Amino acid sequence: MSNPIPSYLPEMPLYKKAIEIIILSRSISTYLNQDLAYLKPDGSEDTDIYFSGDIVQQSSSLAPEIVNAEMERHTDKKYKHIASLERLTNLLYKNCKRLEKSHSNGREYLPILRRELRKFRRLQHTWMMTL
């Protein structure tokens, strides 16, 4: 059985930003999928639709990694969660850049998500110094 998350966590700026990023990426993905779900004239699908799913999956993993790092007592395991969080943030940023090249009206929202990811990275850096 999993432990409840610490009571201070929902008030933590990094955690709050992770939740904002989840909500934002889900909204953008829904918007993108409406445009990208159609088949191309040759009957093939737009491969960018997979990246829109990736941003949701990756952003949904941010908050749990923060919780895991905060709850972990062993330093080496704590740093594995931190490394995973950094990897997810980098992948998310790259997938945003890829999706900005997609043929969807939703791509205009991706710079907003990238801007939030940059804020998240700054918060992440500060947070890492406290662990």
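Residues numbered from 1 in each chain as written. Predicted model: local features only at pLDDT ≥ 70, side-chain atom pairs only at ≥ 80, totals over all residues. Heavy atoms only, no water.

An unreviewed UniProt entry lists the chain under the name Bromo domain-containing protein, from Gelidibacter pelagius.

Examining the overall build of the chain
On a plain count of helices and strands, the chain comes out with five helices and zero strands. Reading the secondary structure of the chain in the N-to-C direction produces α-α-α-α-α. With the C-alpha coordinates of the chain rotated into their principal frame, the extents come out at 55 × 30 × 25 Å. For the chain, the proportion of its 131 residues judged to be buried stands at 40%. The long-range fraction of contacts in the chain, counting pairs at least 24 apart against all pairs at least 6 apart in sequence, stands at 76%. Here the chain has roughly 7,900 Å² of accessible surface; of this, 54% comes from carbon and sulfur atoms. (Helix = DSSP H or I, 4+ residues; strand = E, 2+ residues; numbered from the N terminus. Buried < 20%, exposed > 50% of the residue type's maximum accessible area, 1.4 Å probe, protein only. Contact = heavy atoms within 4.5 Å. Areas by Shrake-Rupley, 256 points an atom, 1.4 Å probe, with all protein chains shown as cover.)

What to know about the pattern of salt bridges
Taken as a whole and assessed by the stated rule, the structure comprises five salt bridges. Among the salt bridges present, the one from Lys16 reaches Glu11, with a minimum N-O distance of 3.6 Å. Among the residues examined, Lys16 registers a relative accessible area of 39% and is labelled partly exposed. Taking the shortest distance from any N to any O, the salt bridge between Arg114 and Glu100 comes out at 2.5 Å. Remark: Glu100 occurs in the loop between helix H4 (75-99) and helix H5 (110-130) and Arg114 occurs in helix H5; sequence separation between them is 14 residues. Through salt bridges with shared partners, a single network forms among Lys17, Glu20, Glu116 and Lys119. (Salt bridge = Lys/Arg side-chain N within 4 Å of Asp/Glu carboxyl O.)

As for a positive patch on the surface
Taken together, the side chains of Lys94, Lys97, Arg98, Lys101, Arg115, Arg118 and Arg122 make up a positively charged region of the molecular surface. Elements with a contribution of two residues or more to the positive patch: H4 and H5. Relative to the elements of secondary structure, Lys101 occurs in the loop between H4 and H5. (Patch = residues over 30% accessible without salt bridge, like charges linked within 9 Å, V, L, I, M, F, W, Y side chains within 5 Å. Lys, Arg positive; Asp, Glu negative; His and termini not counted. Charge placed at Lys NZ, Arg CZ, Asp CG, Glu CD.)

Regarding the packing of aromatic side chains
All told, the structure shown has one aromatic pair when counted by the stated rule. Between the NZ or CZ atom of Arg121 and the centre of the ring of Tyr93, over which it lies, the distance is 4.5 Å. (Phe/Tyr/Trp six-rings, centres within 6.5 Å; stacked < 30°, edge-to-face > 60°. Lys NZ or Arg CZ within 6 Å of the ring centre and 35° of its normal.)

Concerning the nonpolar core
Judged by nonpolar contacts, the single largest core of 29 residues is most densely connected at Leu62, Ile66, Phe120 and Trp127. Secondary structure elements with two or more residues in this core: helix H1 (13-36), helix H3 (62-71), H4 and H5. For this core, the leading source of residues is H1, giving eight residues. Among all residues touching Leu62, those that are not within four sequence positions of it are Ala18, Ile21, Leu85, Leu88, Thr89, Leu92 and Phe120. (Core = buried A, V, L, I, M, F, W, Y, C linked by side-chain atoms within 4.5 Å.)

As for H4
Over its 25 residues, H4 runs 36 Å from end to end, which matches the ideal 36 Å to within 8%, given 1.5 Å per residue. Among the residues of H4, those classed as buried are Lys78, His81, Ile82, Ser84, Leu85, Leu88, Thr89, Leu92, Tyr93, Asn95, Cys96 and Leu99. Here the buried face of H4 lies against H1, helix H2 (48-60), H3 and H5. (Expected span 1.5 Å × (residues − 1).)

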